[in-house]
Amino acid sequence: MPVDPNAKPSLPPDADGVVLRLPPNVPQVRRNRLTRWIGRSILRIGGWRMVGKFPDIPRAVLIGAPHSSNWDGVWGFAAKAAMGLDVKIIAKDSLFRVPLLGALLRGMGVIPINRSAAHGVIEQATSMIRGAERFWLGIAPEGTRKAVERWKAGFWKIAKAADVPVVPAYFHYPDKIIGIGDMFHLGEDMDADMRRIRDWYKPWQGKHHGTV
């Protein structure tokens, strides 16, 4: 069922009510008042707030949709900083060889991955999750800002191989909400799971489109 934008989270909102507090088992960065203040300030100035609740689990694949604008990254990283959420995002390792960019990306929780390695992206990401006591991996399943009829199945394959649930996050621009939904436990039928998750996303509208 969709999350009610007016529903109260199981934990009280953090600070001024803009973001959610994180349960103890969710990976978190070392507390930094400045970065959390900056993140909250960006969301507050933009008129955004968060609803829902985070599951109290140490490992998961977090997906975000609809992804229809570069602004999604602004609001998403602002929320991440404001909460102190340590969710990792993978990017091709060549980006980290660009002067200063690599340090910036690492500071934002982006980690390099070798797409040409013998073990593919899915295997590398799965190994990261399985090899850590706490690890949340963030993925945009649409794979592009354009509206798509089929999502990329990488997030399902990673979550299934790592034996972790999928936690859905959404952007709903009409109400300026970033929402967290109930986690999905995956079955053996990938297509059925993908339809179930995409059906859950139908009410939410991105800046330029919803999910199709």
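A brief report on the enclosed structure follows.

The next subject is the pairing of strand β4 (residues 110-113). With 4 bridges joining them, strand β3 (residues 87-92) and β4 adopt parallel strand pairing. Residue pairing across strands places A91 opposite P112, the latter belonging to β4. Viewed along the sheet, the connection from β3 through helix α3 (residues 101-107) into β4 turns out right-handed.

A few words now on the packing of helix α1 (residues 33-46) against helix α2 (residues 71-83). The relative placement of two packed helices is expressed as an angle between their axes plus a distance between the axes. Here α1 crosses α2 at 135°, and the two axes come no closer than 7 Å. By the criterion of interaxial angle, the relationship of α1 to α2 is oblique. In the crossing of α1 with α2, the sense of the turn from one axis to the other is left-handed. On α2, the residues that touch T35, R36, G39, R40, I42, L43 and G46 of α1 are V74, W75, A78, A79, A81, A82 and M83.

A cluster of nonpolar residues, L34, W37, I38, I42, W71 and V74, forms a patch on the protein surface that exposes about 580 Å² of accessible area. Examined against the element boundaries, W71 turns out to sit in helix α2. For W71, a relative accessible area of 45% translates into the label partly exposed.

Let us look at the nonpolar core. The biggest cluster of nonpolar side chains holds 29 residues, and the ones touching the most others in it are V61, I63, I129, W151, F155, I197 and Y201. Among the elements that take part in this core, helix α5 (residues 154-162) stands out by supplying 5 residues, more than any other. Listed in part, the 26 residues of the second largest apolar core include L22, V26, A60 and F171.

The next thing to look at is the environment of E133. By the secondary structure assignment, E133 is in the loop between α4 (121-130) and β5 (135-139). As for E133 and P174, which are separated by 41 residues in sequence, their C-alpha atoms are 37 Å apart. Not counting residues up to four positions away in its chain, the partners in contact with E133 are P58 and R59.

Our next topic: the side chain of H172. By the element assignment, H172 lies in strand β6 (residues 166-172). Exposure remark for H172: the relative accessible area of 9% places this residue in the buried category. A distance of 3.1 Å separates a polar side-chain atom of H172 from the backbone nitrogen of Q205. Not counting residues within four places of it along the chain, the set of residues in contact with H172 comprises W48, I177, P203, W204 and Q205.

Cut-offs applied
- Residue positions are counted from 1 within each chain, in the order its sequence is given.
- For this predicted model, a pLDDT threshold of at least 70 governs which residues receive local features, and a threshold of 80 or more governs which side-chain atom pairs are given and counted, while totals over whole chains, interfaces and linings are taken from all residues.
- Calculation of side-chain values draws on the structure's entire complement of heavy atoms; hydrogens and water are dropped beforehand.
- Here, any two strands with at least 2 DSSP bridges between them count as paired.
- Starting at the N terminus, helices and strands are each numbered in turn, a helix being any DSSP run of H or I of at least four residues and a strand any DSSP run of E of at least two.
- Consider the strands pointing away from the viewer: the crossover is right-handed when the path from the first strand over the helix to the second runs clockwise.
- In this analysis an axis means a line fitted to C-alpha atoms, helices contributing only their contacting stretch, and an angle means the value between N-to-C directions, from 0 to 180 degrees.
- Convention used here: angles under 35 degrees read as roughly parallel, angles over 145 as roughly antiparallel, angles from 65 to 115 as roughly perpendicular, and any remaining angle as oblique.
- Take the far helix as the reference: if the near one is turned anticlockwise from it by less than a right angle, the crossing is left-handed, and if turned clockwise, right-handed.
- Only heavy atoms matter for contacts: two residues are in contact if any of them lie within 4.5 Å across the pair.
- Patch definition: residues with relative accessible area over 30% and no salt bridge; like charges joined within 9 Å; nonpolar side chains (Val, Leu, Ile, Met, Phe, Trp, Tyr) joined within 5 Å.
- Per-residue and other accessible areas follow the Shrake-Rupley method at a 1.4 Å probe size, with only the shown protein chains counted as cover for residues.
- By salt bridge we mean one thing: a side-chain nitrogen of Lys or Arg within 4 Å of a carboxyl oxygen of Asp or Glu.
- The buried label applies to any residue whose accessible area, calculated with a 1.4 Å probe on protein chains only, is under 20% of its type's maximum; exposed applies above 50%, and partly exposed to all values in between.
- Only buried residues count toward a nonpolar core. Its members are Ala, Val, Leu, Ile, Met, Phe, Trp, Tyr and Cys residues joined through side-chain atoms within 4.5 Å.
- Side-chain atoms alone can form a polar contact between residues adjacent in sequence; in general such a contact is a pair of N or O atoms within 3.5 Å, and within protein one must be able to donate a hydrogen while the other accepts it.

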